[in-house]
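# Structural overview for review
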Amino acid sequence: MMDLLGYGAFFLTTALIFSLVTLGLNLQWGLTGLFNVGLAGFVAIGAYTSALLTTPDDAARLGGFGLPILVGWLGAMVVGGIAAALTGMATLRLRSDYLAITTFGVAVVVQLVALNAQKLTGGPFGIGFIPRPFGSLAETPLLFNLSNLAVVCAVTLIAYLALEHLSRSPWGRVLKALREDERAAISLGKSARFYRVQAFAVGGAIMALAGALQAHFTGFIAPDNYLPILTFQVWVMLIVGGSGSNLGAVIGSVLVWGIWAGSGTLTSMLFPPEQQARAASLQIVAIGVMLCVILLIRPNGLFGDRPRRPRFGKRARIAAAKSSSGS
């Protein structure tokens, strides 16, 4: 029972870290309409920034300042936000598929730098000895996992409430207006590029924070953690939960991660060890099937906005009468 509870805490911690990335993507795509498929790069930037700031000194590479964990998280958000803003200023003139190709290229560049800049990132060997919150409880897995779950829950809740406030603020309404009708928003004196860069930077900072949390939760990072499969997972989480909904981003992340982890456990039980590498591709199949089913049942995701149905009969006449009397 205690082992099951500890695993449940570990599972939820990982799922909520994914939900932070999905919340950042929802700000960029769901609220603003920016097609970012390079989010793995911003997660990696946050993870490596926080690791370099908080790890002890290492003669084999630069960094290792031994700063507190909170300083590492704040540094990750600042560096991630700046990197996203610079990327946005260079690429947001592009649209749809061209923007997707460019952001994907940025993620590939970040991953290659992490792989080859051994003096900075440790290269393929990664960075270890990253300080973990409540590291003194590591010998008691249940307490350690529950403590980390509490920290991640608090950070996710703060990010969720902040994004909910921003989406309802005048700033968020401008972003929605740019997504729905850019020309109309520009005609009202709003700078499309200025607001898009802001949204891209805030989303990138949230993704970088998620990368920092993941780095300190596991205590080790390597370039293989930030492959394109991460981008695929987060996009599926957002689509399943419902683009444009912060609640959908969180619920979709937990649901998809549950299916991903469950299918991995199932394949390890059903297939012999020598075939498990090939059987791992069934995880992607399971996610794809689930995505197709949900899109057939609810095209806008579980919590996405439903299109309004046209009114008929008595309700239509009442609505027309109210509108005519109001005018």
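Residues numbered from 1 in each chain as written. Predicted model: local features only at pLDDT ≥ 70, side-chain atom pairs only at ≥ 80, totals over all residues. Heavy atoms only, no water.

### What to know about the packing of helix α2 (residues 39–54) against helix α9 (residues 192–218)
The angle between the axes and the distance between the axes are what describe a pair of packed helices. To be explicit about the condition: Fitted lines through C-alpha atoms give the axes, limited to the stretch in contact for helices. The angle between two N-to-C directions lies from 0 to 180 degrees. Runs of E in the DSSP output that reach at least two residues are strands. Runs of H or I that reach at least four are helices, and both are numbered from the N terminus. Angular relationships are summarised with four words: roughly parallel below 35 degrees, roughly antiparallel beyond 145, roughly perpendicular across 65 to 115, and oblique for the angles in between. Definitions for this section: a left-handed crossing has its near helix turned counterclockwise from the far helix by less than a right angle. A right-handed crossing has that turn clockwise. Throughout, a contact is declared for two residues whenever any of their heavy atoms are within 4.5 Å. Each residue receives one of three labels: charged for Asp, Glu, Lys and Arg, nonpolar for Ala, Val, Leu, Ile, Met, Phe, Trp, Tyr, Cys and Pro, and polar for the others, Gly being one of them.
Running from amino to carboxyl end, α2 crosses α9 at an angle of 55°, the nearest separation of the two axes being 7 Å. In terms of axis orientation, α2 runs oblique to α9. Note that α2 runs across α9; the crossing there is right-handed. Together, Leu-39, Phe-42, Val-43, Gly-46, Ala-47, Ser-50 and Thr-54 of α2 and Phe-200, Gly-204, Met-207, Ala-208, Gly-211, Ala-212, Ala-215 and His-216 of α9 make up the contact between the two elements. Taken together, the residues of the contact of α2 with α9 sort by class into nine nonpolar, six polar and no charged.

### Thoughts on empty space enclosed by the protein
Picture a little ball the size of a water molecule; that probe, rolled over the atoms, points out where space is still empty. Definition in use: A pocket, in this scheme, is an open set of points on a 1 Å grid over the protein atoms alone with protein on both sides within 12 Å along at least 5 of 7 lines, while a cavity is a set where a 1.4 Å probe fits but cannot get out; residues line either one if an atom lies within 4 Å of a point. Grid points are joined across faces, edges and corners, and a volume is the space filled by probe spheres set on the points.
Under the counting rule described, the total for this entry stands at one cavity of 30 Å³ or more. As a volume, the largest cavity reaches approximately 50 Å³. Lining the largest cavity are Trp-73, Pro-133, Asn-148, Val-151, Val-152, Leu-213, His-216 and Phe-217. Taken together, the elements giving at least two residues each to the lining of the largest cavity come down to α6 (141–168) and α9. Of the residues belonging to the lining of the largest cavity, the class tally is six nonpolar, two polar and no charged.

### A word on unusual backbone geometry
Basically, it comes down to this: Relative accessible area decides the class of each residue, using a 1.4 Å probe on protein chains only: under 20% of the type maximum gives buried, over 50% gives exposed, and in between gives partly exposed.
Phi is positive for Phe-129, which is not a glycine, with a value near 55°. Even without a glycine there, the phi angle at Phe-134 is positive, about 60°. With respect to the secondary-structure elements, Phe-134 resides in the loop between α5 (118–121) and α6. Overall, Phe-134 belongs to the partly exposed group, its relative accessible area being 41%.

### Notes on the nonpolar core
This is how the line gets drawn: We define a nonpolar core as any set of buried Ala, Val, Leu, Ile, Met, Phe, Trp, Tyr and Cys residues linked to one another through side-chain atoms lying within 4.5 Å.
Grouped together as the largest cluster of nonpolar side chains are 80 residues, with contacts concentrated most on Leu-20, Ile-221 and Tyr-226. Setting aside chain neighbours within four positions, we find Ile-221 in contact with Ala-47, Tyr-48, Ala-51, Gly-126, Ile-127, Ile-130, Gln-214, Ala-215 and Tyr-226.

### With respect to a nonpolar patch on the surface
The condition is simple: For patch detection, residues must exceed 30% relative accessible area and be free of salt bridges, and they are connected within 9 Å for like charges or within 5 Å for nonpolar side chains (Val, Leu, Ile, Met, Phe, Trp, Tyr). Residue burial considers only the protein chains on display, and all accessible areas are found by Shrake-Rupley using a 1.4 Å probe. A side-chain nitrogen of Lys or Arg and a carboxyl oxygen of Asp or Glu constitute a salt bridge if their distance falls within 4 Å.
A grouping of Leu-282, Val-285, Val-289, Val-293, Leu-296 and Ile-297 is seen on the molecular surface, where their side chains present a nonpolar patch of about 590 Å² in accessible area. Secondary-structure assignment places Val-285 in helix α13 (residues 281–297). Note on Val-285: relative accessible area 47%, which makes it partly exposed.

### Things to note about the packing of aromatic side chains
Formally: For Phe, Tyr and Trp, rings pair up if their centres lie within 6.5 Å, where Trp contributes its six-membered ring, and each pair is then called stacked (planes under 30 degrees apart), edge-to-face (over 60) or tilted (otherwise).
Counted according to the given criterion, the structure contains eight aromatic pairs. Ring geometry for Trp-29 and Phe-35: centres 5.6 Å apart, planes at 45°, overall tilted. On the basis of relative accessible area, Phe-35 is assigned to the partly exposed category, the value being 28%. An angle of 90° between the planes, with centres 5.2 Å apart, marks the rings of Phe-35 and Trp-235 as edge-to-face. With Phe-35 in the loop between α1 (2–31) and α2 and Trp-235 in helix α10 (residues 228–241), the pair connects residues that are 200 residues apart, well separated along the chain. Here Trp-235 falls in the buried class, since its relative accessible area comes to 11%. Taken together, the ring pairs connect Trp-29, Phe-35 and Trp-235 into an aromatic cluster.

### Brief notes about the pattern of salt bridges
Here the structure, examined in full by the defined rule, presents four salt bridges. We note a salt bridge from Arg-61 to Asp-58, for which the minimum N-O separation is 3.9 Å. Assessed through its relative accessible area of 10%, Arg-61 is described here as buried. Judged by its relative accessible area of 32%, Asp-58 is partly exposed. Close ionic contact of Arg-179 with Glu-180 constitutes a salt bridge, the shortest N to O distance being 2.8 Å.

### Focus: the packing of helix α7 (residues 170–180) against α9
Remark: α7 packs on α9, axes separated minimally by 10 Å, with the N-to-C direction vectors making an angle of 115°. Taken together, the axis directions place α7 and α9 in an arrangement best described as roughly perpendicular. Viewed along their axes, α7 and α9 form a crossing whose handedness is left-handed. Here Trp-171, Val-174, Leu-175 and Leu-178 of α7 lie close against α9, whose contacting residues are Ala-192, Tyr-195, Arg-196, Gln-198 and Ala-199. When grouped by side-chain class, the residues that make up the contact of α7 with α9 number seven nonpolar, one polar and one charged.

### Here's the deal with the UniProt feature "transmembrane region" (unreviewed entry) in the protein
Operational definition: UniProt positions are given in the numbering used here, feature names are shortened, and annotations may be inferred rather than shown by experiment.
Within this numbering scheme, the UniProt entry marks residues 6–27, 34–53, 65–86, 98–117, 142–163, 199–222, 234–260 and 280–297 as carrying the feature "transmembrane region" (unreviewed entry). Structurally, residues 280–297 is divided into 94% helix and 0% strand, and its ends, taken at the C-alpha atoms, are 27 Å apart.

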